[in-house]
Each structure stands twice: as structure tokens, then as C-alpha cells.
Amino acid sequence: MTKYFKDIPVISYEGKDSKNPLAFKYYNPKEKLGSQTMEEHLRFSMSYWHTLTGAGTDPFGAGTMIREWDHFADPMDKAKARVEAAFELLKKLNIPFFCFHDRDIAPEGSTLRQTNKNLDIIVEYIKQFMNDTDIQLLWGTANAFGHPRYVHGAATSCNADVFAYVAAQVKKAIEITYELGGKNYVFWGGREGYETLLNTNMKLELDNFARFLQMAVDYAKEIGFKGQFLIEPKPKEPTKHQYDFDVATVFGFLKKYELDSYFKMNIEANHATLAGHTFQHELHTARMYGILGSVDANQGDPLLGWDTDQFPTNIYDTTLAMYEILKNDGLHQGGLNFDAKVRRGSFEPIDLVYSYIAGMDAFARGLKVAYKLLEDKTIENFIDKRYQSYTEGIGKSIVEGKVGFKELEEYALQNDQIINVSGRQEMLEGILNQYILEV
Ligand code: XUL
Ligand code: CO
């Protein structure tokens, strides 16, 4: 069945010398690195919203995308056409997973009851397509930011009726994620934050947010949903200050409210850069805390200060991301979801195909380079040596908690000659470039 991408062949691996724009140059799904294939390492996923529903609008202009599957007047017919287009594209690109918001797959009705009915119909439709393929749901989520009712937030709204509404919406979103065998469920708080402290009770909002997450944990347990709960940090946009600012902030929040054992992080590259961090920083922090769950793969534009959600093509970033992911022993239940959209000027359906190929190849190449770096232990050995002073003598006593200020003062008083060694940053950057260019 091919309807919406008629002229597009199934995309296969042709190797780095291929000049065919409709082929993978680096993503070779069955190629093994260690005990796992590329496909198993990378666990690629398609974002339903950007790919199927993104119209190409921006704050200054109308949509530009040519999308035949949107040529239906009835919103339910359109929703079904989007499912057909989604599975056609997933199969052509050989992408094993997809992700959605509840409102991406089915339109809101005039009441919550009607909205839930719409969802049930489309979920059944999606299930048929899933049954005919090996394609799986990486995660589901709820869009609790688009509708005007969420103007003051969702679980952090000043209005308790909104809190109740979002609880009902997320309850249903968890149910449909469970129904479709979702591996994870994502919480991204697009409106969970504030515009001004002049009208905000931050303490109550944060307490309520924690209450809401606890309710979600309890409900998942009650219905037997075993998927991993993920929080996706983002510092701002649409809210001026978002509570799920970055990995470290969310970790502190989860610890304070004793929710840390139930949640991991879904880390998005462009959210990291909006927070003033690198993508690698956020992945590294999450890995360090044991909460690296999944990844929203994209990239921002260094010249623009907003969430441009571009397809990831920067090999330097994909290499360092895969380095962290491999050191995390992989993504486990998570995956690499392309939370990325084509540029407004790339409005033909084939541009979606080129974009996914570019993103998948960039991560496949990053994987290979990172794998080799780790195999050779080039960076690891350097770092180990840099901290060698903590493996012997006074350093060992510090690490083992055997000394306090008094003992350290005694040591320092007898040790006036402190010798530091170079950090060799440029040498390491040169080595990394060599790996990227030569692996
Ligand atoms: C928004 C964003 C969301 C989440 C899911 O910046 O990344 O699409 O991934 O709600
Ligand atoms: Co995202």
C-alpha cells in the first residue's frame, strides 16, 4: 500500500560512496557494533506531530507544507489519513518506533467525553497498522499546552478545574499509551511555569505539580502500565520560566518530592542549548544520576535563540551524544526520537524523507565514531590519568572519607609546592576530530 509517498522507494543502505540522495550512506541497520546491531543501538523514532501535522507556520506566516493527507474536511477522516501516511513513511524509512501527543492523533471534540471517543477510534485504527508491521510505540504523551484552557498552566494552573481537566486528559493518554504497548510515557510541561512572580504562588504550583506526578505514578501502578515515565526538561518557550528547566533542576525537584525512583529524563538537544548547556552536558548529567531514559534528537541554530527543532546533522554533536549513550549502556526502553521538523521552505513530502535520512545517517556515523573512541579508551584513559591524585596518598584518603579539615590543613602546611598539569583541551579536540574524520 503506497498512497502518499508514491514516488519514494523503500530507503536502503548503499554505503558512503553512494550518490543516491534516497539511500542511507551510514545507517546500516543490521551492522553489528559489539553485541548489538545499529538498529538496536539507535532505536530511531518518528515524531507524529512534526512529521504528520506540522503545517510550516511561523509567527509571521501561514503554513507552506504540501500534505495530501490533510486534504480532508472531516477531522476524523484527516486523522485516519494521517495514520496511513505515518505508517507508509515509517515503513519506507525503516523506522521502528513512533511517538505522539494525544491531540496529534485525534481531534478534540466538543466535550471531553467526545474527545476520548475520537481517541478510541483512532487508537483502534493505529493498532491495526501496528499489527501488520513490527513498528512500535516508543512513547505517548498529552498535549496540555495548546488549548486556551491551559493559558495559566495545566497541573500548575491557578485554577483547580484545570488541574482536574489535565488529570483526566493524562489518565486517558496513559491508558492509550498502555493500550498500544508504549515503552514509555513522557511529561513535558510546556505551560508548567510562570510569566511573572507578581501573580504566582510558586510553592503551591510546584507542590501541585508533584501531587499530579504522584497521581500519575499511582494510576499507572493501578492499571499495570509498566512503561517508563519520562520528564522532558526545557527551560522556557512557551512559558518564560518553565519548572522543568534542565536535568539538574528536575532531579532536585524529584528528590525533594521523593519521586526520583519513578522518573527518568527524555533529553532534547535543542532544549539543552536553550538552557545554556550542550546536548552532551544534559546527557552526561542524566547518565551520572542514573536517569538517562530517552532522547529527542534534533538541533537548534546557533544564531537563533529559540527552539528551531531542526533535524540533527552535526556529526560532532551526534558523536558526543552517542558517546554518552554508549557509556550509559544504551537507551534501554528509550530511543532516539526525531523531535525535528523540516524548514518552512522544505515543503514537499520528499523533504521529510531527505530529513530523516540525514538525521539517521548523522547518528549512525556518530555511533560508529563513539564506539571506536570507547573501544580505544582514548578519552577515558586521559580522564583517569587526570584524576590519578585521588587514587593514592592524600587524595585516596579524601575520597574514602578518612580525613577532615584538620588533617588536610596539616597536609597542606607541609606541602607548599603544588604542581598542576595541563588539561590538554586542544590536543583532545584534535584527537576527536581525527576520529570523526577517519573512523
Ligand atoms: C516541545 C517538545 C515537545 C515534547 C513532547 O519543545 O519538545 O514536543 O517532546 O511534548
Ligand atoms: Co521534545
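For the structure, see preceding data.
Rules behind the numbers
- Residues numbered from 1 in each chain as written.
- Chains lettered and ligands numbered in written order.
- Predicted model: local features only at pLDDT ≥ 70, side-chain atom pairs only at ≥ 80, totals over all residues.
- Heavy atoms only, no water.
- Helix = DSSP H or I, 4+ residues; strand = E, 2+ residues; numbered from the N terminus.
- Rg over C-alpha atoms; globule rule 2.2 N^0.38 Å.
- Contact = heavy atoms within 4.5 Å.
- Areas by Shrake-Rupley, 256 points an atom, 1.4 Å probe, with all protein chains shown as cover.
- Polar contact = N/O pair within 3.5 Å; in protein donor to acceptor, adjacent residues only side chain to side chain.
- Axes fitted to C-alpha atoms, helices over the stretch in contact; angles between N-to-C directions.
- Parallel < 35°, antiparallel > 145°, perpendicular 65-115°, else oblique.

**Student:** Give me the overall build of the chain: which residues, what numbers.
**Tutor:** Scanning the chain for helices and strands turns up 16 helices and twelve strands. Computed over C-alpha atoms, the radius of gyration of the chain comes to 24 Å, within 12% of the 22 Å expected from 2.2 N^0.38 for 439 residues, which places it in the range of a compact globule. For the chain, the spread of C-alpha atoms along the three principal axes comes to 80 × 60 × 45 Å. A fraction of 76% describes how many contacts in the chain between residues 6 or more apart in sequence connect residues 24 or more apart. As displayed, the chain offers around 21500 Å² of accessible surface, 53% of which is attributable to carbon and sulfur atoms.

**Student:** Tell me what's going on with the side chain of T177, and back it up with residues and numbers.
**Tutor:** Tracing the chain through its elements places T177 in helix 6 (residues 160-179). A distance of 2.7 Å separates the side chain of T177 from the backbone oxygen of A173, its partner in a polar contact. Apart from residues no more than four positions distant in its own chain, T177 is found in contact with L137, G140, G182, N184, Y185 and F225.

**Student:** Please set out the packing of helix 12 (residues 349-376) against helix 13 (residues 378-386) residue by residue, giving values where relevant.
**Tutor:** Where helix 12 meets helix 13, the axes come as close as 5 Å, and the angle between the chain directions of the two elements is 45 degrees. In terms of their interaxial angle, helix 12 and helix 13 are classed as oblique. On helix 13, the residues touching L373, L374 and D376 of helix 12 are T378, I379, E380 and N381.

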